[in-house]
Amino acid sequence: MFYIHCPYCDEHREEEEFHAKGQAHIARPLDPDACTDEEWGNFLYFRANPRGIHHELWVHAAGCRKFFNITRDTQTYAILETYRLGEQPSVTSQS
Amino acid sequence: MQKYSGFGLLKHALSHHENWQRVWRNPKPKKHYDVIIVGGGGHGLATAYYLAKVHKVTNVAVIEKGYLGGGNTARNTTIVRSNYLWDEAAFLYEHAMKLWEGLAQDLNYNLMFSQRGVLNLGHTLQDMRDIERRVNANRLNGIDSVALDTAGVQKIVPIMDCTSRARYPILGASWQPRAGVARHDAVAWGFARAADALGVDLIQQCEVDDILMQNGNAVGVNTKQYGEIHADRIGCVVAGNSGVVAKMAGFELPVESHPLQALVSEPIRPILDTVVMSNQVHGYISQSDKGDLVIGAGIDGYNGYGQRGSYPTIEHTLQAIVEMFPIFSRVRMNRQWGGIVDTTPDACPIISDTPIGNLFFNCGWGTGGFKATPGSGHVFAETLAKGEANALAKPFSMFRFHNGALVDEHGAAGVAH
């Protein structure tokens, strides 16, 4: 069971209040009309799937209902940090 | 290979069952193979078996980092069915179903394949419309499928709460009589034994940590235990770790790995002689020959490689089961575990060539790979033998996520996701 810190509520809450929404930091193509099929396919369907440190988008569905990001280890399931949308992670697989 | 038979059992009884032949060899890998299959689960072993049997390619190695059939093959809920909506998926799973029907004889191994039927319940009017549509699509494709009303369901499963008092009343179901269950371990062992007898090297406890490349082509694998092993073609059948292996070769796959869990109860007397699945309340259940209730759950929403699931999912699933079967409310659960499933955006597998020459992937089976084990191996063996996809496998190329020709089974079939 995850015990997740919501960066907006600034409180730890249980996993059931939250929903995972997949990979974080996916940017919509700036010029969609100029995209090739490959670029569109990558944007729509190809997601990072690391065995290790992963940045994910979550939503505090049964709480403040705001979206935020989690840096989590997909192997140990340790939550390394949570941070607001628009912010950058301080823990990455490089660091 | 020693042939298994009733007479053999009697004969070995005379020597206290101490002289049975080893089920497979434990060879050291050679320096070069025609085909290397990475991953010794059901699908990988089936691929090796059909390569050797159908295509006469016997210089084959199956490389497994743990032990044979120790991943998702050992962790699923053993359900076999083929009532998928879209033609491409229906043909593939029905191909597997036809192979299942003669498989125990073919492998000379008791797979405990039991065609006890599968019910996919409908709880809402929209469920029932979808069931009608899917049943009709199945019948057009030659797959046995029947739409039942509440009374029809109650007749098949008398212990289920089919009254209108239920929170999510059961309005009907689709029923596939030829569907059923098989003993999951036996499937891996049966394929392994038969493949080994045809000359395939099964190499266990040997972890691939790199794909060897030359001019954009894969030429072999590097293993932690035995160093480099070369091959003309490489097939990767590594389920949840597909993304990790693809990364070794330098490309991405459109798969995400999620934990999917199952649990079994204490053994009880025979009470449920079919398989019941419900998408709406999200749980599925059958009873094993040993007597335990085998219960399946949904995937956890987040990515994970931890081979364990979250408690809210267990709770949710058991709520659904008890809702359908109030009689099970005091059955105690014995064990719970998770497997790592590689899910694709359209909930259909990837059986495909890759941007790398001579490297092929069979993955993305998501939550429903077990039922396809023989079919998956059969079509992937042809892909590996000929270097191009078999007609059944062609729609499942990984490049469909670039050209848009998805096979959108997600939610459309009676798939429990």
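Up top is the structure these notes are about.
(A) Representation of the overall build of chain B. The helix and strand tally for chain B stands at ten helices and 18 strands. On C-alpha atoms alone, chain B measures out to a radius of gyration of 21 Å, which is about the 22 Å that the 2.2 N^0.38 rule sets for 417 residues. Here the C-alpha coordinates of chain B stretch approximately 65 × 65 × 40 Å along the principal axes. Counted over contacts in chain B with a minimum sequence separation of 6, partners at least 24 positions apart contribute 76%. Summed over its atoms, the accessible surface of chain B is roughly 16,900 Å², and 51% of this surface lies on carbon and sulfur atoms.

(B) Expanded view of the environment of V135 of chain B. Residues and elements named next belong to chain B. Inspection of the secondary structure assignment puts V135 in helix 4 (residues 125-140). Distance from V135 to L85, taken between C-alpha atoms, is 8.1 Å for residues 50 residues apart in sequence. When near neighbours in sequence (up to four residues on either side) are disregarded, V135 contacts S145, V146, A147 and S174.

(C) A look at the interface of chain B and chain A. Taken together, the contact pairs 26 residues of chain B with 24 residues of chain A. The contact between chain B and chain A buries some 2,100 Å² in all, and 54% of this surface belongs to carbon and sulfur atoms. Three residues stand out in chain B for area buried against chain A, namely Y302, Y305 and H402 of chain B, and they jointly supply 32% of the buried area on that side. Remark: the boundary between chain B and chain A carries zero salt bridges. Here chain B and chain A share ten residue pairs in polar contact (both at pLDDT 80 or more) between them. Among the elements of the structure, strand 12 (256-265), helix 8 (311-324) and helix 10 (400-403) of chain B are those that each provide at least two residues to the side of chain B that touches chain A. A per-class count over the side of chain B that touches chain A returns twelve nonpolar, nine polar and five charged.

(D) Quick peek at empty space enclosed by the protein. Residues and elements named next belong to chain B. Per the counting criterion, the structure on display carries one cavity of 30 Å³ or more. Taken as a whole, the largest cavity holds about 30 Å³ of empty space. Every residue along the wall of the largest cavity is listed here: H123, D161, A166, Y168, I170, V281, E323 and M324. For the lining of the largest cavity, the residue count by class is five nonpolar, one polar and two charged.

(E) Expanded view of the packing of aromatic side chains. A full pass over the atoms with the stated rule returns 19 aromatic pairs over all chains. Relative to F191 of chain B, the ring of Y49 of chain B lies with its centre 5.6 Å away and its plane at 55°, an arrangement referred to as tilted. A residue pair is termed long-range when its members are at least 10 positions apart, and Y49 of chain B in helix 2 (residues 42-54) and F191 of chain B in helix 6 (residues 184-197) qualify at 142 residues. As far as burial versus exposure is concerned, Y49 of chain B and F191 of chain B are alike and both buried. Through successive ring pairs, a cluster of aromatic residues spans F2, W58 and Y77 of chain A together with Y302 of chain B. Taking the ring centre of Y77 of chain A as reference, the NZ or CZ of R72 of chain A above it sits at 5.6 Å. Residue placement shows R308 of chain B over the ring face of Y77 of chain A; its charged tip is 4.5 Å from the ring centre.

(F) Region of interest: the environment of H184 of chain B. All names here are of chain B. Note on placement: H184 falls in helix 6. Linking H184 and A297, residues 113 residues apart in sequence, is a C-alpha distance of 17 Å. Leaving out residues up to four positions away in the same chain, H184 has contacts with T73, A74, R75, N76, T78 and F370.

(G) Highlighting helix 6 of chain B. Residue and element names in this part refer to chain B. When the terminal C-alpha atoms of helix 6 are compared, their 20 Å separation across 14 residues agrees well with the 20 Å that a helix rising 1.5 Å per residue should span. Counted residue by residue, helix 6 has twelve buried out of 14 residues, so it is predominantly covered. Of the residues making up helix 6, those classed as buried are H184, D185, A186, V187, A188, G190, F191, A192, R193, A194, A195 and D196. On the buried face of helix 6, the contacting elements are helix 2, helix 3 (87-107), strand 8 (201-203) and helix 9 (373-386). Among the residues trailing helix 6, G199 stands out with phi positive, at a value near 105°.

About the thresholds
Residues numbered from 1 in each chain as written. Chains lettered and ligands numbered in written order. Predicted model: local features only at pLDDT ≥ 70, side-chain atom pairs only at ≥ 80, totals over all residues. Heavy atoms only, no water. Helix = DSSP H or I, 4+ residues; strand = E, 2+ residues; numbered from the N terminus. Rg over C-alpha atoms; globule rule 2.2 N^0.38 Å. Contact = heavy atoms within 4.5 Å. Areas by Shrake-Rupley, 256 points an atom, 1.4 Å probe, with all protein chains shown as cover. Buried area = accessible area lost by both parts, 1.4 Å probe. Salt bridge = Lys/Arg side-chain N within 4 Å of Asp/Glu carboxyl O. Polar contact = N/O pair within 3.5 Å; in protein donor to acceptor, adjacent residues only side chain to side chain. Nonpolar A, V, L, I, M, F, W, Y, C, P; charged D, E, K, R; others polar. 1 Å grid on protein atoms, 1.4 Å probe; cavity = no way out; pocket = protein on both sides within 12 Å on 5 of 7 lines; lining within 4 Å. Points joined across faces, edges and corners; volume = space filled by probe spheres on them. Phe/Tyr/Trp six-rings, centres within 6.5 Å; stacked < 30°, edge-to-face > 60°. Buried < 20%, exposed > 50% of the residue type's maximum accessible area, 1.4 Å probe, protein only. Lys NZ or Arg CZ within 6 Å of the ring centre and 35° of its normal. Expected span 1.5 Å × (residues − 1).

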